[in-house]
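Okay, here's what each chain looks like letter by letter:
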Amino acid sequence: MREACGVVGISLEDGQQGGRAAQAAPLLYYALYGLQHRGQESAGISIHDGGLLTLKGMGLVSKALPYERLSHLRGTVGIGHVRYSTTGASELLNCQPLEVSYHGGRLAIAHNGNLVNTEALRRELERRGAVFLTGTDSEIIAQLLARELRRHTPLEAIERLMGIIVGSYSLVILLDGTVYAVRDPLGIKPLCFGRVDGGYMVASESVAMDTVGGTLVDDVRPGEVVVLKDGHIERHMVCRGCPKAHCVFEYIYFARADSIIDGRLVYSVRERIGRLLAREHPVDADIVSPVPDSGITFAIGYSKESKIEYREGLMKNRYIGRTFIMPAQTTRELAVRLKMNAITENVRGQRVVLVDDSIVRGTTSRRIVDMVRGCGARAVHLRIGSPPIISPCYLGIDMPTRAELIASSPSRAEGGRGMDEICKELHADSIGYLSKRGLVEAIGIPEDELCMGCLTGVYSLEIPGERCRHAQALLSEYFSGT
């Protein structure tokens, strides 16, 4: 299961600060460090200095963007991106920001999310002579926008673009020295903005602003375009009336715990999840131990509610990346062995409640249970801070197929595995998943404003199906006028 990227944009006043001209590149660089958890394959920065300059590369921010090269990126406005691929291979050609030409020059774009009408759009663009250099849906967005800029103002062009693309997207667009930040009408992917010294910043998560000493102001609303220019900000509500569909996995796993997403501190949500998990699935045990790092806050909540001692039973190697968003199964399996070690003295002879955020395939969970049991634990009880994942996601999380999901792969006549069977396969003494009701209560957003397709099999784009039908109907009309 993989997530799809983090974006950031910044605009500073073109003046002097502390005796030096304000520069966007160093702030973008450190902001991307704050978003590194959202993507580890590549990173990039685009700066406007009268023209467009882009620096990008493969790997973590520190490798992809050598700091000494930032001095070549001189300008007060720019955008940045960290990537994990959901469309397009993991290679330099697909790194973002992407640059494309339009009638007035060049624009750069960075995208977090996934379109669901990619193939139809690509076929039509190719039929009309478009040439694609990458395998990403982000390039489709960029080419559509470039076409619209022939006849419309940037805001008009973005509004038309939002009428034709369907799926999840948080975009930052660098155009003529201005940053345009766009959040999809359903609000699936997070996007927020805040103040920094001398200007404003937009980012996937508020921690990017914290990293550079900025202050969160507000979330970009679903369907809204935020414009940053010359260190100032404008807000334009472009798409109204669509249901909201915030991704629950931002709260369960993806976002950093110190981020504020749609007005909610992620840490507080996760602690509530742990408390509700303890109420729903109590067990007689000696210690509560997290699967680090993602299970820590859940385990703290579970320990507080259950009054069972919190004690670390596993120690993480902090120099290994997130196995959850590594591209190959063999890589993930090796990383599990490298990144985690049981603390034998803490678990020997103990009945352990092992708390994790979610279970996807189950292979990692089984190895961790075996590791704890192999150190002498008397019992290992798994407690999971999300409901069972039963369906792939098509809106920006590149999950395994349904057959690979442990809670969905069929083994019973009714087509799915029961808790006893999952527990046995994971070598645990018991297992307890948080209920859907408990998850909704912990997040504090109404159920009809959440996207839980991976947990229910009902996807947000199917609920307001009119939007998909409307966009599909627009395809022929859209291209007939171009």
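Only a predicted model underlies this, so the values are computations on that prediction, with no experimental measurement involved.

A. Looking closely at the sheet that holds strand 15 (residues 232–237). Taken together, the six strands give an open sheet; going across it, the order is 7-8-9-10-14-15, and neighbouring strands pair in antiparallel fashion. Two strands bound the open sheet, and with one partner strand each, they are strand 7 (98–102) and strand 15. Each strand axis lies, on average, 20° off the axis of its neighbour in the sheet, ignoring direction. Where strand 8 (residues 105–115) and strand 9 (residues 167–175) come together, nine bridges link them in antiparallel fashion. Considered in strand 9, the bridge of Asn114 is made with Ser168. Lying on the sheet, helix 4 (residues 137–148) is in contact with strand 7, strand 8 and strand 9; it crosses strand 8 at an angle near 135°. Sitting on the sheet, helix 5 (residues 154–164) touches strand 9, strand 10 (178–183), strand 14 (224–229) and strand 15, and the angle it makes with strand 10 is about 25°.

B. Spotlight on the UniProt feature "binding site: Mg(2+)" (unreviewed entry) in the protein chain. Per the UniProt annotation, the sites labelled "binding site: Mg(2+)" (unreviewed entry) are Ser294, Asp356 and Asp357. What stands out for the annotated residues spanning 64 residues is how close their C-alpha atoms remain, the widest pair being 6.8 Å apart. Looking at the element boundaries, Asp356 is found in strand 23 (residues 351–356). Examined against the element boundaries, Asp357 turns out to sit in the loop between strand 23 and helix 12 (363–374). Accessibility expressed as a relative area gives 3% for Asp357, which makes it buried. Within polar-contact distance, the side chain of Asp357 engages the side chain of Ser294 at 2.5 Å.

C. Broad picture of the packing of aromatic side chains. Tallying each qualifying case throughout the model produces seven aromatic pairs. For the pair Phe249 and Phe254, a centre-to-centre distance of 6.0 Å together with 45° between the ring planes defines the contact as tilted. Phe254 shares its class with Phe249; the two are buried. Considering the side-chain rings of Tyr253 and Phe254, the 5.5 Å spacing of their centres and the 75° angle between planes classify their relative orientation as edge-to-face. Judged on exposure class, the residue Tyr253 and its partner Phe254 are both buried. Linked through ring pairs, Tyr29, Tyr30, Tyr33 and Tyr67 together constitute an aromatic cluster. The lysine or arginine in question, Arg122, covers the ring of Phe132, its NZ or CZ lying 4.4 Å from the ring centre.

D. Geometry of the pattern of salt bridges. Using the criterion set out here, one finds 27 salt bridges in the structure. Between Glu124 and Arg127 there is a salt bridge; the shortest N-O distance is 2.6 Å. Note that Glu124 and Arg127 are positioned in helix 3 (residues 118–127) at a spacing of three residues, about one turn of the helix. Among the ionic contacts, a cluster of salt bridges with common partners joins Glu271, Arg275, Arg279, Lys304 and Glu305.

Rules used in this analysis
Residues numbered from 1 in each chain as written. Predicted model: local features only at pLDDT ≥ 70, side-chain atom pairs only at ≥ 80, totals over all residues. Heavy atoms only, no water. Pairing = 2+ DSSP bridges. Helix = DSSP H or I, 4+ residues; strand = E, 2+ residues; numbered from the N terminus. Axes fitted to C-alpha atoms, helices over the stretch in contact; angles between N-to-C directions. Contact = heavy atoms within 4.5 Å. UniProt positions renumbered as here; feature names shortened; annotations may be inferred. Buried < 20%, exposed > 50% of the residue type's maximum accessible area, 1.4 Å probe, protein only. Polar contact = N/O pair within 3.5 Å; in protein donor to acceptor, adjacent residues only side chain to side chain. Phe/Tyr/Trp six-rings, centres within 6.5 Å; stacked < 30°, edge-to-face > 60°. Lys NZ or Arg CZ within 6 Å of the ring centre and 35° of its normal. Salt bridge = Lys/Arg side-chain N within 4 Å of Asp/Glu carboxyl O.

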